[in-house]
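Fold and contact review
Spelled out from the first residue to the last, the chains are:
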Amino acid sequence: MADHKLVVSSSPHLRTKETTPRLMGAVLLALLPAALASIVLFGPRALAVMAVTLASALVAEGLYMKIVRKPVTIADGSAAITGLLLAFNMPPMVPLWVPVIGSFFAIIVVKQLFGGLGQNFMNPALAARAFLLAAWPMSMTTGWVVPFDGVTSATPLQVLRGMASARLPETWELLVGMRAGALGETSAVALLLGGFYLLWKGVIDWRIPGCFIGTVALVTWAFGGSGGLFTGNVLAHTLTGGLLLGAFFMATDYVTSPVTRRGRVVMGIGCGLITALIRLWGGFPEGVSYSILLMNVATPLIDRATLPRVFGQRRVKAA
Amino acid sequence: MNLWKDFSNGLVRENPVFRLVLGLCPVLAVTTALMNGFWMGVAVIFVLTCSNVIISVLRNFIPAHIRIPCFIVVIATFVTIVQMTMNAYLPEMYDILGIFVPLIVVNCIILARAEAFASKNRVLNAAADGIGMGIGFTVALMILGAIREFLGTGNLVLNGTALFGGPLFEPAVIMIMPPGAFITMGLVLGLLNAISNRSKARAKAR
Amino acid sequence: MRRKTFGGGVHPPHHKKLTEEQAIRDAREPKLVVIPLSQHLGAPGNPLVQKGDQVAVGQKIGDTDAYVAAPVHASVSGKVVAVEPRMHPALGRPELAIVIESDGEGRVHESVQPKPSVDDLDADTIRSLIREAGLAGLGGAAFPTAVKVSPPRSKPIDTFVLNGAECEPFLTADHRLMVEEAPDIVFGMKALMKAIPVSRGFICIEDNKPDAVRAMKEAVRGEPGLEVVALETRYPQGSEKQMIKSVLGREVPPPPGLPLDVGVVVNNVGTAHALATVLKTGMPLVDRVVTVTGPVITAPANLRVKLGTLFSDLIEQCGGYSALPGKLIMGGPMMGVAQHTAEVPVIKGTSGILALAENQAWDGDPTPCIKCARCVDVCPMQLVPVFMSAYAERGQWDMADRYNAADCLECGCCSYICPAKRPLVQTIRLAKHEILAARRQRAQAR
């Protein structure tokens, strides 16, 4: 016993069992219902897009880390989340090479070149989506199909905006996901299931999704109707597009959202306002991803402006 | 020997775009194609060399207090010459480069070389520096232009002739849009820094 | 009704089952005690005895004229065998200590005489008794009690808070004391209140100790002005500032702010009990209750221990180690001090001795921060550990200061909750040290 070495370290000597891979695992689990729904709705094509995107994201991460001789940490699950989220943002009929390039862009340019996990200033999946949208607009904005019958169709937001004429899906169809849209965004029920799981597990905070969805609902209700104030189609606006996917899974990305509680409220409201602005008056039918990217960039400023009042410090009153 | 050193300085060691990171406005704006970069570079070589020579000749006559306005007058003269010549003989290229030809007047590289080099060195050295810097600038623009044109159109056009029959792949339009300029510039800059850091580290290890 | 509590904090597993049903028993009389002259953050005492002197239990063996200080007393009778530096469990370096070899007789020194009834004592007398008895905060910091109960005139005190939260996992010393010695605790508490003086008192206990709450409620029945309050079980409920916020809703200003600034004095239940002993028997502070526990202790127990007893002696009395220990801690797992040897003495602030298994000793390597903001959510001081720590890691003390790193309690909630296992409080502690040193330097330069 005499020569047995005791560890001496600074307190605390107790650590929670929560680890980064566990948190990432919970997010992946929460994305599972939407992934399954997507396979049911869009068939093997969805499975192929998701598999290719996921695999290329993992390959990109591993390859880069090998090249720069860093320890390979693809097991932490963050690259898998990026890959899956990117796949969720693809139109079902996208050529398969598009998401592969997207994955490499997301992982290498947006994440690793800025310092890897925890250092990226934008959500990698969304930045890659914006890149792909600008690079290959045709591949990224056509290829919307109706689930099951595979017929090309306009998305509900294009219809709402008057950019295309088609039947607006019923509410139950929106809930289940019987509408044209990106792979992972259509099934509201599956997304809500995953989102509430993350809230229940305490993985994400209610403030960002709550304020985001709430703001979009309020603004589209107030200004989205043709018959004057407060005649907008709230349900259609909240259940269509990438709102639920973005609010629960992408705006809440730890790395690119504020660390303060008040900051998360600002983030949610900001995302909501920009989304509603683009949807109602902008040049695109959908604005969720741009709104999140813009708020990502503003995050350091939001954090600085919303630092909490230190315990015991009274706000200085103007004399 | 000295002349060669002044000439080669701008090629790699102090490449105005990749090392000094000066004059980024035309670098980002006109590098949508290889030939655009080339002609922009030629214009800069001409202005830079001529203004370097004149300023070097006049360096003992220009009063220190008003040297910047004097430099600008000299530079503007040559820019006007370039502008008129291009308009006359290369009207299509002149249209493409547009505002960025007159903007050479306020290009940081030219003023910086006038201030930092030409006004302190003899005529021949100033000329060598101007040509070297100009060529370095041109090469950088052509590299960026080639990358962006190839990725953004799937082809390369050399002096009016396309190198390939048609696009080799579905082009990434973003590369010939403004974001493409930033992405390309950032990646090339990062790559060159990585290479030079590595060779520096290797030299240190030895 | 909403449970009384504060903002932030964490819920680490309690691990109190090991000893919470174990009645306090007397530890074996030690053969040798090591009593460091410095027991706390205040000025160290000067030795009053020499090598070779005979001493008796309760005899004062070290004292100083400094204000923030408390004397130390012999805890056994016998011969002083050395006055020399010995390893100190809280300071982590050898400090001047008096080593006494016990003769086993337990002779009591003639100065130890029962004191008059509290009713016959005035506040000044109680305060001087507290000082002479060497009372110090038994919760862990061991701040001299006499200083605590002597608030300056300019700061009127309206409330006394007795701290029985014992929010550190594993520790049950205060818990058992409250269950077994509730009347004495109340007796001591009333004397402390008379010394300040103040008429309103709260006894605050975390609600994971219902038997202690019951016992204390029973003990204060019919005592005007005293009230037992059950607080939510949440670490660091036992921190003075957090406790005052929980029970009174008042926020103590950041350092140099003290509970005094909001009219409150906080003392530990162990301290109140020790004062009761002083008043009833005259015996100064020579022993305390220590929880000897941990997953690799064969028979965990709550022991009444003579100050100066070596850890190794106590661990042996608890059946020794059941497996190789990886870490030996004085205090609880959240704020305790890791020891590199068991040959260190129990001091006034030793609330527990905790032995962790080898696989619990290492945190594992930190992974990159993912800015999950859990540290921000749990910080009871409403600080932003993620930024403070990032600056501290780069040695940018001034930036850490800008994020108020000097206000940190060092409770360790941030490091506990961090999924990336980053050394948050550890680096902030370093920054705090540097910031305070720089401030002192500036103050001196002025």
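So, here is what we can say about the structure in this document. (Residues numbered from 1 in each chain as written. Chains lettered and ligands numbered in written order. Predicted model: local features only at pLDDT ≥ 70, side-chain atom pairs only at ≥ 80, totals over all residues.)

1. Regarding the overall build of chain A
When its secondary structure is counted, chain A shows 14 helices and zero strands. The secondary structure elements of chain A, listed N-terminal to C-terminal, are α-α-α-α-α-α-α-α-α-α-α-α-α-α. On C-alpha atoms alone, chain A measures out to a radius of gyration of 21 Å, which is about the 20 Å that the 2.2 N^0.38 rule sets for 319 residues. Expressed along its principal axes, the backbone C-alpha trace of chain A runs to roughly 80 × 60 × 30 Å. When each of the 319 residues of chain A is scored for burial, the buried share is 53%. Across chain A, the fraction of contacts at a sequence separation of at least 24, relative to all contacts at a separation of at least 6, is 71%. (Helix = DSSP H or I, 4+ residues; strand = E, 2+ residues; numbered from the N terminus. Rg over C-alpha atoms; globule rule 2.2 N^0.38 Å. Buried ≥ 20, exposed ≤ 12 C-beta atoms within 10 Å, placed from the backbone. Contact = placed C-beta atoms within 7 Å.)

2. Details of the interface of chain B and chain A
Facing seven residues of chain B, the contacting portion of chain A comprises six residues. Class assignment of the residues belonging to the side of chain B that touches chain A gives a composition of five nonpolar, one polar and one charged. (Nonpolar A, V, L, I, M, F, W, Y, C, P; charged D, E, K, R; others polar.)

3. Quick notes on the arrangement of the chains
The top pair by number of contacts, from a total of two pairs of chains in contact, is chains A and C. Regarding chain B and chain C, which are not in contact, the minimum distance between any of their C-alpha atoms is 22 Å.

4. Some thoughts on helix α5 (residues 124-135) of chain A
All names here are of chain A. The terminal C-alpha atoms of α5 lie 16 Å apart, and with 12 residues this matches the ideal 16 Å at 1.5 Å per residue to within 8%. Turning to α5, its buried residues number three or more, namely P124, A125, L126, A127, A128, R129, A130, F131, L132 and A135. The secondary structure elements touched by the buried residues of α5 are α3 (78-88), α4 (97-111), α6 (137-141), α12 (243-250) and α14 (288-305). (Expected span 1.5 Å × (residues − 1).)

5. As for the nonpolar core
Judged by nonpolar contacts, the single largest core of 244 residues is most densely connected at M216 and M388 of chain C. Aside from chain neighbours lying at most four places away, what touches M216 of chain C is M178, A182, I203, I205 and V228 of chain C. One finds V17, V47, F71 and A126 of chain B within the second-largest nonpolar core, a separate group that totals 39 residues. (Core = buried A, V, L, I, M, F, W, Y, C linked by C-beta atoms within 7 Å.)

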